[in-house]
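# Structural description and commentary
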Amino acid sequence: MEKSRSTTVVVVRKDGVTCMGSDGQVTLGVGVIKHTAKKVRKIYHGQVLVGFAGTAADGLALLERLEKKLEELRGNLTRAVVELAKEWRMDKALRRLEAVLLVADKSHIYLASGMGDVIEPDEPILAIGSGGNYALAAARALYRNNPQMSARQIVEEALKIASEICIYTNDKFTIEEL
């Protein structure tokens, strides 16, 4: 089986609204096998947004573990993400998972990886995946230069721009807000 390619997930928090979106494309080898995959979800009673890039099964497994950590820690997102990253890095089976997570609530945005990374950005904008750098650059420019744009509008436009550049990103978006 050939390796599946990544995606684009972007998150922006602005004016009290946190918005996360992703494209829907799933690529296997040199072909697109799905156009409408849902890579962004609300978890923990609708209070946390999670998006993943990488292998879908791995991303979903990590998403489930994060939700369990949130339940155990009564919604403390910072502790839950740190605990997940520690477990992910230390556990032999988890260490093999090929995914990166974006996690956000109304106050925090984090990137979590299997390398033990837990990164909170300087600005309330973050993106991952093969089109992540394109979406991140677009979102930063829009955020800084268009004060009238909402978080959702910035996410939509950043994804649109990434989909025009990255061949592993399409224009079938899933967008969630808090």
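Residues numbered from 1 in each chain as written. Predicted model: local features only at pLDDT ≥ 70, side-chain atom pairs only at ≥ 80, totals over all residues. Heavy atoms only, no water.

### Some remarks on the UniProt feature "active site" (unreviewed entry) in the protein chain
Those residues carrying the UniProt feature "active site" (unreviewed entry) are Thr7 in this numbering. By secondary structure assignment, the location of threonine 7 is in the segment before strand E1 (8-14). Judged by its relative accessible area of 2%, threonine 7 is buried. Not counting residues up to four positions away in its chain, the partners in contact with threonine 7 are Asp23, Gln25, Lys39, Phe52, Ala53, Ile128, Gly129, Ser130, Gly131, Gly132, Tyr168 and Thr169. (UniProt positions renumbered as here; feature names shortened; annotations may be inferred. Helix = DSSP H or I, 4+ residues; strand = E, 2+ residues; numbered from the N terminus. Buried < 20%, exposed > 50% of the residue type's maximum accessible area, 1.4 Å probe, protein only. Contact = heavy atoms within 4.5 Å.)

### Some points on helix H2 (residues 77-90)
When the terminal C-alpha atoms of H2 are compared, their 20 Å separation across 14 residues agrees well with the 20 Å that a helix rising 1.5 Å per residue should span. Of the surrounding secondary structure, the elements contacted by the buried residues of H2 are strand E6 (48-54), helix H1 (56-72), strand E7 (99-104), strand E8 (109-113) and strand E9 (118-119). Where H2 begins, the side chain of asparagine 76 points an oxygen toward the backbone nitrogen of threonine 78, at a separation of 3.3 Å. (Expected span 1.5 Å × (residues − 1). Polar contact = N/O pair within 3.5 Å; in protein donor to acceptor, adjacent residues only side chain to side chain.)

### Notes on unusual backbone geometry
Of note in the backbone geometry, aspartate 15 takes a positive phi value of approximately 50° without being a glycine. Aspartate 15 gets classed as exposed once you look at its relative accessible area, which sits at 68%. Phi at arginine 74 is positive, roughly 50°, even though this residue is not glycine. Within the secondary structure, arginine 74 sits in the loop between H1 and H2. When its relative accessible area of 75% is taken as the criterion, arginine 74 is described as exposed.

### Side note on the side chain of glutamate 176
The topology assignment puts glutamate 176 in strand E11 (residues 174-177). Overall, the relative accessible area of 18% leaves glutamate 176 in the buried class. With near-sequence residues (within four places) excluded, glutamate 176 lies in contact with Thr18, Cys19, Met20, Lys38, Val40, Lys42 and Leu49.

### What about the packing of aromatic side chains?
Counting across every chain of the model gives zero aromatic pairs. For lysine 14, the ring lying beneath its charged end belongs to tyrosine 143, and the centroid distance is 5.9 Å. (Phe/Tyr/Trp six-rings, centres within 6.5 Å; stacked < 30°, edge-to-face > 60°. Lys NZ or Arg CZ within 6 Å of the ring centre and 35° of its normal.)

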